[in-house]
Amino acid sequence: MNSSEEPLRRNGIAPIKQEYIIKKEDKFIKQEIAEIAEIGTGAVLEDTPDSAVSEEPPKKKSRITRTRESNKRYKERAVKTFTEVKRLCHKTAIGENCDFDQCKYDHDLTAFLEIKEKDLGDRCVNFEKFGKCRYGYKCRFSKSHMTPDGKLIVNEKLASLGIVEEKNGLTHEMQKLLRKNLYRFPKSDSYLKEIDGEISKQLEIEEQNKLAKLQATDLVTDKSDQITTSQNQVITDDTSITEINIHHSTTELNDKNLTVQTLGNDNEGACEMKSDDTILIRDKMEDFSASTDTPDVPLRACEKKKISFKNKLYLAPLTTVGNLPFRRICKEFGADITCGEMAMATNLLQGQQSEWALLKRHVSEDIFGVQICGCKAQHMVKCAEVLINEIEVDFIDVNLGCPIDLVYNKGGGTALLRHDGRLGKILRGMNRVTDLPITVKLRTGIQDDTPVAHKLVPKFENWGVSMATLHGRSRQQRYTKLADWKYISKVSFTANEMPLFGNGDVLGYTDYYEHIEKHHVDGVMIGRGALIKPWIFDEIKSRRHYDISSRERLDILKKYCDYGMEHWGSDSIGINQTRRFFCEWMSFLYRYIPVGLLEVLPQRINERPPFFRGRDELETLLASGNSNDWVKLSEMFLGPAHESFKFVPKHASNSYETSSYEG
């Protein structure tokens, strides 16, 4: 292997050693292509001639085709999840009596056990770790914590420790306050009142300026007409008609004790009128907040919590796949900063349980932030206030990079890049109501040919932003083409004292250090690179290409399933959730090419591998792009999948163009 042998690379194709490439004469490749085509597009290739079988994957699909297929897959997903036929009450499941009169769940334990599916194994990760399984009889591994006569076992020694590894849960009382709009936002209300006052004052000033301008024009016009009609004397060469008109106009206005002066400031057309009542209209508004009573004095910059972001390894917030079990895996490999999945501010304020679940934090996440997305100051500022009051978090990230239509069309994500006035109100307000650092993640712009990040980044520091991350692609570009690191480098010189991180296409330690040294960024955020190989953080810190074995990779997947059952549960619903997210991660993880198979190092994130075999059967299985194989892998740790379970990837990662959204 030689990392300097760049001529061996072919454009867009990963340089795999010839002995591992599956030749087109191999009948196996026909079957594999047919299976992938059947799952990915719904079309089965029958009787494929040898000439039609290539050593390389099929060509990339057009954006329209990919969008249509993605929408079709998303609709199919909704009916493929399995839920229990009989939902047993939680109290009954753990062997206690339910004292809630209006409980809507079933309480017949005997009937439930008769129809319950058989156990998947004899090892319950929750019982082993906490001394007690919180799912009781519903657990799919219940035999491991149940006596022969059917009673639940509790390890008193472990249970007495009261181990709690996840934080930031939504309590029932809190949810009730949010849903009934009873939660109080004193700091936000004060700021929003101030903003409303500024807007009202601005509108009033604009109206007064228009009125003053019209009055001034009418006075000058009326007097000019009178002078023109009554002019009988001969005007000398030294005096022009304009001078006489202006002289008489000024004389007439002075007689009325009214002077109109045009102000030569930024606000064109603004006028200052002085009379006996002394009416003054200014083109610059006074600081409205100086006269506004606030429930609390805003913190000074030196009083806010500080985080040293520079040169830390930052795991990007990733929708769907950036869940808590995955972040735990990345922390073990050396990630310094983690951030939760993107949460919608409006959903959080409505107390939606599913949205608040995205904010959960594991105790191993020592520097943890949450990312919120919204388009209005009243939502974002209030959301920041409730987060600082109710959860444990180190920073709040504002999403300015979401490219999906559902968010963009409502004015959130990348749409805020074209509304810097509204964006400024949001960031200043969030900075006002919280003592935590406020960070942002943005793209270069909306269109490829009109980047705007270099205009916005210099303003962020004035709005109170503590750190910004720039993804080197536009909204239009999504994940096609390479990230523009030259533009990121250009923007870095406009950031002043604020740290600026870069993001895009980092898949190895050589990529990381190249961007740090050549492009003048303070750090690099890693997204898809961590999904493809979560050990990338270890590679960066040790400055090596890690030739990880297939057995080590399988152990990572086993650990992920254990973490998933701790997080989502070991009952049927939790197992189903863990399996689904396992397969979602596999839709990225299979793209990893082992170091020992490459002719040239390192692997590039935009290079598609030809069909290849691994060094053993397990390595070949882990490289399969067939989603049925991902389900088979999950069955090694989660038992047989339910007959109704059929996985359809949410992200078309095998297109090498679209993939998980990095928020």
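Quick caveat: nothing in here was measured; it's all calculated off a predicted structure.

Attention shifts here to the overall build of the chain. Along the chain, the regular secondary structure elements total 24 helices and 13 strands. By residue count, 50% of the 663 residues in the chain fall in the buried class. Long-range pairs, those at least 24 residues apart, make up 72% of the contacts in the chain between residues at least 6 apart in sequence. Of the roughly 33100 Å² that the chain leaves accessible, carbon and sulfur atoms contribute 49%.

With that settled, consider the pattern of salt bridges. Across all of its chains, the model carries 30 salt bridges by this definition. The salt bridge partner of Asp119 is Lys116, with a shortest N-O separation of 3.7 Å. Judged on exposure class, the residue Asp119 and its partner Lys116 are both buried. One continuous salt-bridge network, built from bridges that share partners, spans Arg123, Glu128, Lys558 and Asp562.

Glancing now at the nonpolar core. If you look at soluble globular proteins, the nonpolar side chains tend to sit buried side by side. Within the largest apolar cluster, 139 residues are counted, with the highest numbers of intra-cluster contacts made by Trp356, Leu387, Met430 and Phe460. The residues contacting Leu387, other than those within four sequence positions of it, are Trp356, Leu359, Val370, Ile372 and Ile396.

Bringing the state of the cysteines into the picture now. Applying the stated criterion across every chain yields a total of 0 disulfides. Free cysteine: Cys133, not disulfide-bonded; nearest cysteine sulfur from Cys124 at 3.8 Å. With relative accessibility at 5%, the residue Cys133 sits in the buried group. Its sulfur unpaired, Cys375 is 8.1 Å from the next cysteine sulfur, which belongs to Cys373.

In this model, the chain carries a mean pLDDT of 81, and residues with pLDDT of at least 70 account for 75%. Between residues 32–57, whose pLDDT stays under 50, and residues either more than four places distant or in other chains, the model counts 39 contacts. In this model residues 77–85 is a low-confidence stretch, pLDDT under 50, and it forms 19 contacts with partners more than four residues away in sequence or in other chains.

Following the UniProt record, the feature "zinc finger region: C3H1-type" (unreviewed entry) maps to residues 123–148 here. Span residues 123–148 is 23% helix and 0% strand, its end C-alpha atoms 16 Å apart.

Right, let's talk about the packing of helix 21 (residues 550–568) against helix 24 (residues 627–638) for a bit. Where helix 21 meets helix 24, the axes come as close as 10 Å, and the angle between the chain directions of the two elements is 65°. Pair helix 21 / helix 24 crosses with right-handed handedness. Contacts from Leu554, Leu557, Lys558, Cys561 and Met565 of helix 21 reach helix 24 at Leu633, Met636, Phe637 and Leu638. A class-by-class count of the residues in the contact of helix 21 with helix 24 yields 8 nonpolar, no polar and 1 charged.

Let us now look at the pairing of strand 11 (residues 465–471). Within strand 11, 6 of the 7 residues are buried, leaving the element largely enclosed by the surrounding structure. Pairing of strand 10 (residues 438–443) with strand 11 involves 6 bridges; the strand directions are parallel. For Lys441, the partnering residue across the bridge sits in strand 11 and is Thr469. For the handedness criterion, the β-α-β arrangement of strand 10, helix 16 (residues 453–460) and strand 11 is classed as right-handed. Of the strand pairs in this sheet, strand 11 and strand 12 (residues 500–503) are connected by 4 bridges, and their pairing is parallel. Bridge assignment links Ala468 to a residue of strand 12, and that residue is Leu500.

How each quantity is defined
- Residues numbered from 1 in each chain as written.
- Predicted model: local features only at pLDDT ≥ 70, side-chain atom pairs only at ≥ 80, totals over all residues.
- Heavy atoms only, no water.
- Helix = DSSP H or I, 4+ residues; strand = E, 2+ residues; numbered from the N terminus.
- Buried < 20%, exposed > 50% of the residue type's maximum accessible area, 1.4 Å probe, protein only.
- Contact = heavy atoms within 4.5 Å.
- Areas by Shrake-Rupley, 256 points an atom, 1.4 Å probe, with all protein chains shown as cover.
- Salt bridge = Lys/Arg side-chain N within 4 Å of Asp/Glu carboxyl O.
- Core = buried A, V, L, I, M, F, W, Y, C linked by side-chain atoms within 4.5 Å.
- Disulfide = S-S within 2.5 Å.
- pLDDT = per-residue confidence, 0-100.
- UniProt positions renumbered as here; feature names shortened; annotations may be inferred.
- Axes fitted to C-alpha atoms, helices over the stretch in contact; angles between N-to-C directions.
- Left-handed = near helix turned anticlockwise from the far one by under 90°.
- Nonpolar A, V, L, I, M, F, W, Y, C, P; charged D, E, K, R; others polar.
- Pairing = 2+ DSSP bridges.
- Right-handed = clockwise from strand over helix to strand, strands pointing away.

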